[in-house]
Amino acid sequence: MAVEAFKNEILDTTNIPDADHIDFKALDRKFSRQLILEWSLIWLLPTIGWTVLYGLGKIESSVLSGFWPHFLPLLLLAPIFLVAPLHARHCGYAVRDHDIHYKTGVIWRKRIALPFCRVQHVEIERNPFERMLGLATLKCFTAGGGSADMKIPALDMQTANSLKVYILGRAGDNDDRA
Amino acid sequence: MTAPESETVQTLEALKGDTWHRLAPAAVIHFIVKFLIGFVKNGVQNVAYLGGIAIFTGDNRWLILGSLAVGATVILLAGGILSYLNFRFRMDGRSFLIRKGVFNKKRLTLSFERIQNVAVKEPLYFRPFGLVSLALESAGSADEEVSLAGIPKAMALDIRQAVLRTSRAPKTHDLDEAPEEETAETETLLIAQKVSELARYGLSNNNIWVLAGLATGALFQQAEQWEPQAEEFVRNTVIPVTGDDNGVLGLMVAAGIFALVMLLMLLSVLGAIVVNYGYRLSYAHGRYHRTKGLFEKQETSVPETKIQSLQIGQPWPAKLLRRWHLVVRQVGFSSKNDVNTSKKERFIIPSVTPEFYQPFASKLFGDIAWDDMIPSKISRLFIWKTLKYFLFLPGILITAATSYFWGPIGFLPLAAPLLLLPLIMLRHHQYRYWSNGKTGMVQRGFVGTRTIMFAFRKVQNVALQQSPSQRRHELATLIIQLAGQTITVPYMPYQDAAQWRDTILFEVETSREAWM
């Protein structure tokens, strides 16, 4: 039989480590600056479109007249400066002996837990803004799905590298076949 | 390297060596059938070209179509023969080497260790020759899959034995389990399905509704053309018999629909019997073996360690028949572009009762106290939140538009939530979860149910999510990621969700067994 000598003792739940009260490490303080840069770029593209089209008189409306509609996109820019620091403050990661945790979200909060022994591979990614600020994103992949299962942004290069080395060292740790 | 020009190898021993071998000449049929199936699969649009030719050519259309047919036959024959001539294989120690391809030459090396599944198929056209087709599926992409179509059955079985023996060898825990002699006798039969059970499966699986959908689609497409004829038929043939009584006509329509449903059921039953004829599931040396099929006998095997979850489904028609259909899920590395691989992972065990699935689940996941099992329900807040976010909000948006254009009638979309409320309540009622600290169970459904059971130690990662109202009510949504499958339990009490997460992490991190 496949399941020989299967034990199923009643579990003492007090013995199971609790992942509820762990101290999350804040991300780098430059993270909110990175977010503002990235989101501003996303904001910039439609804004350019708007300015050009309105300037050429392609957008006509009884409400919009004169020069002030040129400033309309600025209304959308303000929330970026408000939300970015808030979002950055609510993200964090925690590394324990056997797993890594990441939390994110201001309103809808999410906490992901990833055991090291399930990690398939780890990547470090840096977009131009991140390179500018000296930050990096660490991506961990399990066999779960196609995209990265956990992305930890705003790590300084040294932390990202040492985390990568540490996680890869622990990956597949208790797989007997390795 | 030169290949022996003629005879087919008969035994596994003859396969080992430096010479390259050919398949049996009957393999030509296989290649032709493969081309044809590929042609049909690649779309009805291929056929549409022929239709186009038939429509846009004049008197000489039969000549053109005829020469096309002759040309296609010649190409098929030539292609089949060339494919056969260019397909060579040999065994080198513990790996298969294969050369194939007419224009694009391809060389494949597939080591025994990487073979995940071995399937022996007996297509109808090979039976007179005593040949079979052996498919070796690796964990990688479908491109790497090797199919030896047209080898003697005895050799196929030998190869399978050899592959299974090797792929088992390096795993220590397997050696502990099977110290006995590796002979065919150690195989235990788990279930052999009678035709009556397969008919039950045909009656109660969801294929009927897929068929019904296709049929209605086709009918609606044709409705416009058929309408005048149907009207004429009713006026001239039906009314003289029944009289111009709406009640009788209504009954006739109902009878027609009933007949159609019966026909679909019959088709579904026939389909189920053809596909699953002679269904046998057995277990030997850490692997589940399954044989089935009327026209094409298929043999598939799944290593027990690769099983990620067990789905116990009971669609609503199956409730009436008191049967459950199981799906054993393996590791899924399928790419999204490849439809074929996702099918490979579905390992269905049709039409079983709790007498089968309860011990079967216990075999897979360890002892489960089925009698004492009381699954927990999710919070009632689920009903209200689903109504609010998925129905009221879109309803209001739609109403804003429709009431503007249509006046009071435009307010009707607001009533939709009320009509759908019973469905959401059913959904809430069926959402259950249960765990014994080692195995988790999540049940979903409306009337019928679909229950997923999985071992905590095979989870890939786990996440907790909370909206502001979930935080207020101390609830959370639990998202469990298995290899190739996501399981979500919404509106769980936070305490339960956190305990599931902690237990899962504990199980994953302390387990010494391989998860795949």
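For the structure itself, consult the block above.
Residues numbered from 1 in each chain as written. Chains lettered and ligands numbered in written order. Predicted model: local features only at pLDDT ≥ 70, side-chain atom pairs only at ≥ 80, totals over all residues. Heavy atoms only, no water.

**Remarks on the overall build of chain B**
At step 1: Along its length, chain B carries 16 helices and 21 strands.
At step 2: Residues classed as buried in chain B amount to 46% of the 516 residues present.
At step 3: By sequence separation, contacts in chain B at least 24 residues apart represent 57% of the contacts at least 6 residues apart.
At step 4: Per element, the accessible surface of chain B, about 27200 Å² overall, is 63% carbon and sulfur. (Helix = DSSP H or I, 4+ residues; strand = E, 2+ residues; numbered from the N terminus. Buried < 20%, exposed > 50% of the residue type's maximum accessible area, 1.4 Å probe, protein only. Contact = heavy atoms within 4.5 Å. Areas by Shrake-Rupley, 256 points an atom, 1.4 Å probe, with all protein chains shown as cover.)

**Considering the sheet that holds strand β21 (residues 485–493) of chain B**
At step 1: Strand order in this open sheet of 7 strands is β1(A)-β2(A)-β3(A)-β4(A)-β19(B)-β20(B)-β21(B), and the pairing throughout is antiparallel. Of all the strands in the sheet, just β1 (25–26) of chain A together with β21 of chain B have a single pairing partner and so form its edges.
At step 2: For strand β19 (residues 461–466) of chain B and strand β20 (residues 475–482) of chain B, the ladder comprises 5 bridges, and the chain directions are antiparallel. For A463(B), the partnering residue across the bridge sits in β20(B) and is I479(B). (Pairing = 2+ DSSP bridges.)

**Some words on the sheet that holds strand β2 (residues 88–92) of chain B**
All names here are of chain B.
At step 1: One open sheet accounts for 4 strands, arranged β1-β2-β3-β4; its pairing is antiparallel. With one partner strand each, in any of the chains shown, β1 (21–22) and β4 (106–111) form the two edges of the open sheet.
At step 2: Summarising the sheet, β2 and strand β3 (residues 95–100) pair through 5 bridges and their orientation is antiparallel. Counted as the bridge partner of R90 is L97 from β3.

**Observations regarding the side chain of Q314(B)**
All names here are of chain B.
At step 1: With respect to the element layout, Q314 can be found in strand β12 (residues 307–314).
At step 2: For Q314, a relative accessible area of 6% puts it in the buried group.
At step 3: Within the structure, Q314 has its side chain in polar contact with the backbone oxygen of R323 (distance 3.4 Å). (Polar contact = N/O pair within 3.5 Å; in protein donor to acceptor, adjacent residues only side chain to side chain.)

**Some remarks on the interface of chain B and chain A**
At step 1: Contact with chain B, which involves 48 residues of that partner, is made by 40 residues of chain A.
At step 2: Carbon and sulfur atoms supply 52% of the area that chain B and chain A bury against each other, a total of about 3700 Å² over both sides.
At step 3: The largest contributions to the chain B side of the interface with chain A come from Q460(B), E509(B) and R512(B), which together make up 16% of the buried area.
At step 4: For the interface between chain B and chain A, the tally reads 1 salt bridge.
At step 5: For R501(B), the salt bridge identified is with D20(A), shortest N-O distance 3.0 Å.
At step 6: At the junction of chain B with chain A, the criterion picks out 12 residue pairs in polar contact (both at pLDDT 80 or more).
At step 7: Elements supplying a minimum of two residues to the side of chain B that touches chain A: α12 (354–365), β19, α15 (468–472), β20 and α16 (494–510) of chain B.
At step 8: It is α16(B) that contributes the most residues to the side of chain B that touches chain A, 11 residues altogether.
At step 9: Of the residues assigned to the side of chain B that touches chain A, the class counts are 19 nonpolar, 16 polar and 13 charged.
At step 10: Alignment of strand β4 (residues 109–115) of chain A against β19(B), held across 5 bridges, turns out to be antiparallel. (Buried area = accessible area lost by both parts, 1.4 Å probe. Salt bridge = Lys/Arg side-chain N within 4 Å of Asp/Glu carboxyl O. Nonpolar A, V, L, I, M, F, W, Y, C, P; charged D, E, K, R; others polar.)

**What to know about the packing of helix α8 (residues 207–242) of chain B against helix α9 (residues 246–276) of chain B**
All names here are of chain B.
At step 1: Contact pair α8 / α9: the axes reach a minimum separation of 12 Å and the direction vectors enclose 145°. By crossing handedness, the relation of α8 to α9 is classed as right-handed. Every residue of α9 that contacts α8 at N207, I208, L211, A212, A215, L219, V234, V238 and T242 is listed here: V248, L249, M252, L260, L264, M265, L267 and S268.
At step 2: Residue composition of the contact of α8 with α9, grouped by class: 14 nonpolar, 3 polar and no charged. (Axes fitted to C-alpha atoms, helices over the stretch in contact; angles between N-to-C directions. Left-handed = near helix turned anticlockwise from the far one by under 90°.)

**Examining unusual backbone geometry**
Of all residues except glycine, most have a negative phi; of all peptide bonds, most are trans.
At step 1: With phi around 50°, A154(A) is a residue other than glycine that occupies positive phi space.
At step 2: Checked against the element boundaries, A154(A) lands in strand β7 (residues 150–156).
At step 3: Although it is not a glycine, H285(B) sits at a positive phi angle of roughly 50°.
At step 4: Residue placement: H285(B) occurs in the loop between β9 (280–284) and β10 (287–292).

**Notes on helix α1 (residues 31–55) of chain A**
Residues and elements named next belong to chain A.
At step 1: Taking 1.5 Å per residue, 25 residues should reach 36 Å; α1 reaches 35 Å between its end C-alpha atoms and fits that length.
At step 2: The axis of α1 is deflected most strongly, by about 25°, at L44, and proline P46 appears within four residues downstream.
At step 3: Elements that come into contact with the buried residues of α1 comprise α2 (74–90), α3 (128–133), β6 (135–141) and β7.
At step 4: At the C-terminal side of α1, G57 shows a positive phi close to 75°. (Expected span 1.5 Å × (residues − 1). Bend = angle between axes of the 7 residues up to and from the residue.)

**Overview of the pattern of salt bridges**
At step 1: One pass over the full model with this rule turns up 11 salt bridges over all chains.
At step 2: For K139(A), the salt bridge is made with E125(A), and the minimal N-O distance between the two is 2.9 Å. You can see K139(A) sitting in strand β6 and its partner E125(A) sitting in strand β5 (residues 121–125), a full 14 residues away along the chain.
At step 3: Salt bridges sharing common partners tie together D20(A), R501(B) and D502(B).

**Regarding the packing of α1(A) against α2(A)**
Residue and element names in this part refer to chain A.
At step 1: Packing of α1 against α2 brings their axes to within 8 Å, and their N-to-C directions diverge by 150°. In terms of orientation, α1 lies roughly antiparallel with respect to α2. The interaxial crossing formed by α1 with α2 has right-handed handedness. Taken together, the residues of α2 that come into contact with α1 (itself represented by F31, S32, L35, I36, W39, S40 and W43) are L74, L76, L77, I80, F81, V83, A84, P85, H87 and A88. (Parallel < 35°, antiparallel > 145°, perpendicular 65-115°, else oblique.)

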